[in-house]
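If you want the building blocks of each chain, they are given just below.
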Amino acid sequence: MGLFIVTGGAGFIGSNIVRALNDGGTSDIVVVDDLIHTDRRANLADCRIADLLDRREFLDQVERGAFGATIEAVLHQGACTDTMERDERVMMEHNVRSSEVLLNWVVPAGIPFVYASSAAVYGGSTAFAEEERNERPLNVYGHSKLLVDRLVRRALLEATATVVGLRYFNVYGPGEAHKGRMASVVFQLYRQLRETGTVRLFVGTGGYADGEQRRDFVYVEDVVRANLFFARGPVRKGVVNCGTGRSRTFNDVAHALIAAHGSGTIQYTALPDGLESRYQSFTEADLAGLRRLGYEASWLDVEEGVRRYYGALNGAEPARGAGS
């Protein structure tokens, strides 16, 4: 057995992948992350790993051909995920350049490669199949992810091992608290409920009533399961959606949180100035591509996912640390 490499491994989804590998008996894991972000370290406090490398050091070793270990798979979760970031240089360095270096390494070496893409590539679209006509990012983050997807699609032609991109929809779950404003809406609403007893949702947009806007909310355990399925299985290649395939309303999320909490109310507020033109009122993963690659697992619904998450945040179930 070789090493598993998890980039962004001290972050939200990455640390959950590391923990799942540990739960399966694997500790030969190299975690790669930006080590200047010490707030993420708590996510690895109870994890067993072989090494922890800074992103720059790791990429330098890869480019110099100095990373000579036998690799079982690379699970590339590392990225700048701030959708409000407007500096394209930051996104190009962290998201595109890093991914390109890894692709230029894993494809010729025949190393299985599973990486995090994003539903942000669909941006201004109302259809969510993995087709060029639907790929209309509205921000620099979504554009950077689409650039990586295009690099991958070209690389698929010569890849002999698994290369799979997973376009994450609205992922939530333990380990995201450090993300601040970029944490999931589920976490944001949980904090509101705990602090004020009230959940604040937006008034209606895009023809939807108050709080009835719909998103594809996917629990992090399901995302981890999909990553490991592709990392460990036979050769599969493609860029596909990773979501439940069933949109749910923000009201559904609020009611699930209130049920877990035992009490609470909902208040509807106007969107901030300038947001409405960029606001997605509906997202829902088209799972046809994922199914074609052989992934048939079921997904937790909002009620069960929120119940588990609430329990983890309040110590009733194992928490996942404080940090993607």
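> What's the story with the confidence of the model for the protein in this structure? I'm lost.
Note: predicted coordinates in regions of low pLDDT should not be interpreted at a detailed level. The predicted model of the protein averages 92 in pLDDT, with 95% of residues at 70 or higher. With pLDDT under 50 throughout, residues 317-324 is counted as low confidence; its partners more than four residues away or in other chains account for 36 contacts.

> I tried to follow the environment of Tyr310 on my own but got confused; where do I start?
With respect to the helices and strands, Tyr310 occurs in helix H9 (residues 302-313). Sequence separation between Tyr310 and Gly173 is 137 residues; the distance between their C-alpha atoms is 8.9 Å. Among residues more than four places away in sequence, those in contact with Tyr310 are Tyr190, Arg194, Leu257, Ala260 and His261.

> Honestly, helix H5 (residues 185-196) in this entry has me stumped. Any pointers?
Side chains of residues three or four places apart in an α-helix project in the same direction, reflecting 3.6 residues per turn. Helix length check: H5, at 12 residues, gives a terminal C-alpha distance of 16 Å against a target of 16 Å (1.5 Å per residue), a fit within 8%. Of the surrounding elements, those touching the buried residues of H5 are strand E7 (170-172), strand E8 (198-202), strand E10 (217-219), helix H7 (250-261) and H9. Of the residues trailing H5, Gly197 is marked for its positive phi of about 80 degrees.

> Sorry if this is basic, but what is going on with the pattern of salt bridges here?
Once the charged atoms of two side chains with opposite charge are near each other, the side chains can pair. Scanning all chains against the criterion turns up 18 salt bridges. Ionic pairing is found between Arg167 and Asp149, a salt bridge with its closest N-O pair at 2.9 Å. On the criterion of sequence distance, the pair formed by Arg167 in strand E6 (residues 163-168) and Asp149 in helix H4 (residues 140-155) is long-range, its members being 18 residues apart. For Arg167, a relative accessible area of 0% gives the class buried. For Arg248, the salt bridge identified is with Asp252, shortest N-O distance 3.0 Å. The buried category is assigned to Arg248, whose relative accessible area is 9%.

> Mind showing me how you'd approach the packing of aromatic side chains here?
The geometry of an aromatic ring pair is captured by the separation of the ring centres together with the interplanar angle, meaning the angle of the planes. Within the structure shown, the criterion is met by 18 aromatic pairs. Pairing Phe230 with Tyr295 gives two aromatic rings, centres 6.1 Å apart and planes at 35 degrees, and the pair type is tilted. Taken together, the positions of Phe230 in helix H6 (residues 220-232) and Tyr295 in the loop between helix H8 (288-292) and H9 put the pair 65 residues apart, joining distant regions of the chain. Under the relative-accessibility criterion, Phe230 is labelled buried at 0%. Here the aromatic residues Tyr122, Phe128, Phe169 and Phe282 are joined through ring pairs into a cluster of three or more.

> Before we go on, may I ask you to explain the environment of Tyr268 in this structure?
In this structure, Tyr268 sits in strand E13 (residues 265-269). Residue Tyr268 is classed as partly exposed on the basis of its relative accessible area, which comes to 33%. Along the backbone, Tyr268 and Arg232 are 36 residues apart, and their C-alpha atoms lie at a distance of 45 Å. Not counting residues within four places of it along the chain, the set of residues in contact with Tyr268 comprises Leu201, Phe202, Val203, Asp210, Gly211 and Asn251. A polar side-chain atom of Tyr268 sits 2.8 Å from a polar atom in the side chain of Asn251.

> I'm lost on the packing of H7 against H9 in this one. Help?
Two numbers describe a pair of packed helices, the interaxial angle and the distance between the axes. Close contact between H7 and H9 brings their axes to 9 Å; oriented N to C, the two are set at 45 degrees. Compared by their axis directions, H7 and H9 come out oblique. Of the two elements, H7 crosses H9, and the hand of that crossing is right-handed. Along the contact surface, H7 presents Asp252, Val253, Ala256, Leu257, Ala260 and His261, while H9 presents Val302, Glu303, Val306 and Tyr310. Tallied by class, the residues present in the contact of H7 with H9 amount to seven nonpolar, one polar and two charged.

> How do you make sense of the packing of helix H3 (residues 88-109) against H4 when you look at a structure like this?
One can describe the packing of H3 onto H4 by two numbers: an axis separation of 9 Å at closest approach and a directional angle of 15 degrees. One finds that H3 runs roughly parallel with respect to H4. Remark: the crossing between H3 and H4 carries right-handed chirality. Residue-level contacts link Glu88, Met91, Met92, Asn95, Val96, Ser99, Glu100, Leu103 and Val107 of H3 to Val140, Tyr141, His143, Ser144, Leu147, Val148, Leu151, Val152 and Ala155 of H4. Here the residues of the contact of H3 with H4 sort into 12 nonpolar, four polar and two charged.

> Explain helix H1 (residues 12-23) here, please?
Taking 1.5 Å per residue as the helical rise, H1 with its 12 residues ought to reach 16 Å, and the 17 Å between its terminal C-alpha atoms agrees with that figure. Buried residues dominate H1, accounting for 10 of its 12 residues. What H1 keeps buried is the set Phe12, Ile13, Gly14, Ser15, Asn16, Ile17, Val18, Arg19, Leu21 and Asn22. Buried-residue contacts for H1 involve strand E1 (3-7), strand E2 (29-33), strand E4 (71-76), E6, E7 and H6.

Criteria and cut-off values
Residues numbered from 1 in each chain as written. Predicted model: local features only at pLDDT ≥ 70, side-chain atom pairs only at ≥ 80, totals over all residues. Heavy atoms only, no water. pLDDT = per-residue confidence, 0-100. Contact = heavy atoms within 4.5 Å. Helix = DSSP H or I, 4+ residues; strand = E, 2+ residues; numbered from the N terminus. Expected span 1.5 Å × (residues − 1). Salt bridge = Lys/Arg side-chain N within 4 Å of Asp/Glu carboxyl O. Buried < 20%, exposed > 50% of the residue type's maximum accessible area, 1.4 Å probe, protein only. Phe/Tyr/Trp six-rings, centres within 6.5 Å; stacked < 30°, edge-to-face > 60°. Polar contact = N/O pair within 3.5 Å; in protein donor to acceptor, adjacent residues only side chain to side chain. Axes fitted to C-alpha atoms, helices over the stretch in contact; angles between N-to-C directions. Parallel < 35°, antiparallel > 145°, perpendicular 65-115°, else oblique. Left-handed = near helix turned anticlockwise from the far one by under 90°. Nonpolar A, V, L, I, M, F, W, Y, C, P; charged D, E, K, R; others polar.

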